[in-house]
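Architecture and fold: a report
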Amino acid sequence: SKEEALDIHLFSGYIEVVAWNKLYKLELFNNITYPEGKLYEDMLTTYKLIDKSNCVLLRPDSKYYYCKRNNSIGGVAFSKKTLSLIDACDTDIEYVSNKYNNLKNIKVSKIQWYIIVCNKAILSGRKIKILINKIKKMIIQNFRVIVFNKYLNRTRKFQILLFLVSYRLYKNMYKKFVLKHR
């Protein structure tokens, strides 16, 4: 259902926010466009298209391969533009949460996206104390949903809980992980 799709559309590996891995009925775009001049425009549009759908079909097999570029918005190091991701995420989640207030998974996915922004800051040597505190508060508020969430694997749950318990340890482990996988 569209409600189920909206509840998980921000989780990686499920119905992701990117535009390139979907097929849409043309009529879904009546009165919906990708906003010009905005970064993360697919995050600002996908939820509207799902909400306008009668149902969503998810196929796990790959039919399209996407080339990630280091100079794309997702590939560049932290900058003020990276904070646009938080604005897009907040807009998306506010819309979905207000319209479908019984959805719980989407609130956990918000934590993941905020941590992605924080990870970019870690790699660039920046510390965003306000963001770190906001993430910790969200983790505390959604602790049970995180622990029992079927869309988060154990590694991701550990990552989120480590972020809460010790940001310093999280930061050091994240840096080592990234260096090891480059």
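Heads up: these notes are all about the structure in this document. (Residues numbered from 1 in each chain as written. Predicted model: local features only at pLDDT ≥ 70, side-chain atom pairs only at ≥ 80, totals over all residues. Heavy atoms only, no water.)

**Side note on the overall build of the protein**
Inclusion rule: Helix and strand definitions follow DSSP, with helices as H or I runs of at least four residues and strands as E runs of at least two, each counted in order from the N terminus. For a compact globule the rule gives 2.2 Å times the number of residues to the power 0.38, and the radius of gyration it is set against comes from C-alpha atoms.
Each helix and strand in the protein was counted, giving eight helices and zero strands. For the protein, the N- to C-terminal ordering of α and β elements is α-α-α-α-α-α-α-α. Expected size for 182 residues packed as a compact globule is a radius of gyration near 16 Å; at 17 Å, the protein falls within 12% of this value. Each principal axis of the C-alpha atoms in the protein carries an extent, and together these give about 50 × 35 × 30 Å.

**Notes on a nonpolar patch on the surface**
Quick reminder of the rule: Distance thresholds for patches are 9 Å for like charges and 5 Å for nonpolar side chains (Val, Leu, Ile, Met, Phe, Trp, Tyr), applied to residues having over 30% relative accessible area and no salt bridge. Surface accessibility follows the Shrake-Rupley procedure with a 1.4 Å probe radius. Residue values consider only the protein chains on display as shielding. Salt-bridge detection follows one rule: a side-chain nitrogen of Lys or Arg within 4 Å of a carboxyl oxygen of Asp or Glu.
A grouping of Phe-143, Val-147 and Phe-148 is seen on the molecular surface, where their side chains present a nonpolar patch of about 290 Å² in accessible area. Positionally, Phe-143 belongs in helix H6 (residues 143–147).

**Some points on the nonpolar core**
Worth spelling out the cut-off: The criterion is simple. A nonpolar core is a set of buried Ala, Val, Leu, Ile, Met, Phe, Trp, Tyr and Cys residues joined through side-chain atoms within 4.5 Å. Think of it in three bands: with a 1.4 Å probe and only protein chains considered, a residue is buried below 20% of the maximum accessible area for its type, exposed above 50%, and partly exposed in between. Throughout, a residue-residue contact means that at least one pair of heavy atoms, one from each residue, lies within 4.5 Å.
Ranked by internal contacts, the top residues of the largest apolar core, which has 47 residues, are Met-43, Ile-111, Ile-135, Ile-139, Phe-163 and Tyr-170. Contributing elements (two or more residues each) for this core: helix H1 (2–8), helix H2 (46–52), helix H3 (84–99), helix H4 (105–123), helix H5 (129–141), helix H7 (154–165) and helix H8 (167–180). Residue contributions to this core peak at ten residues, all from H4. Sequence-distant contacts of Phe-163, that is, excluding residues within four places in its chain, are made with Ile-115, Cys-118, Ile-132, Ile-135, Lys-136, Ile-139 and Tyr-170.

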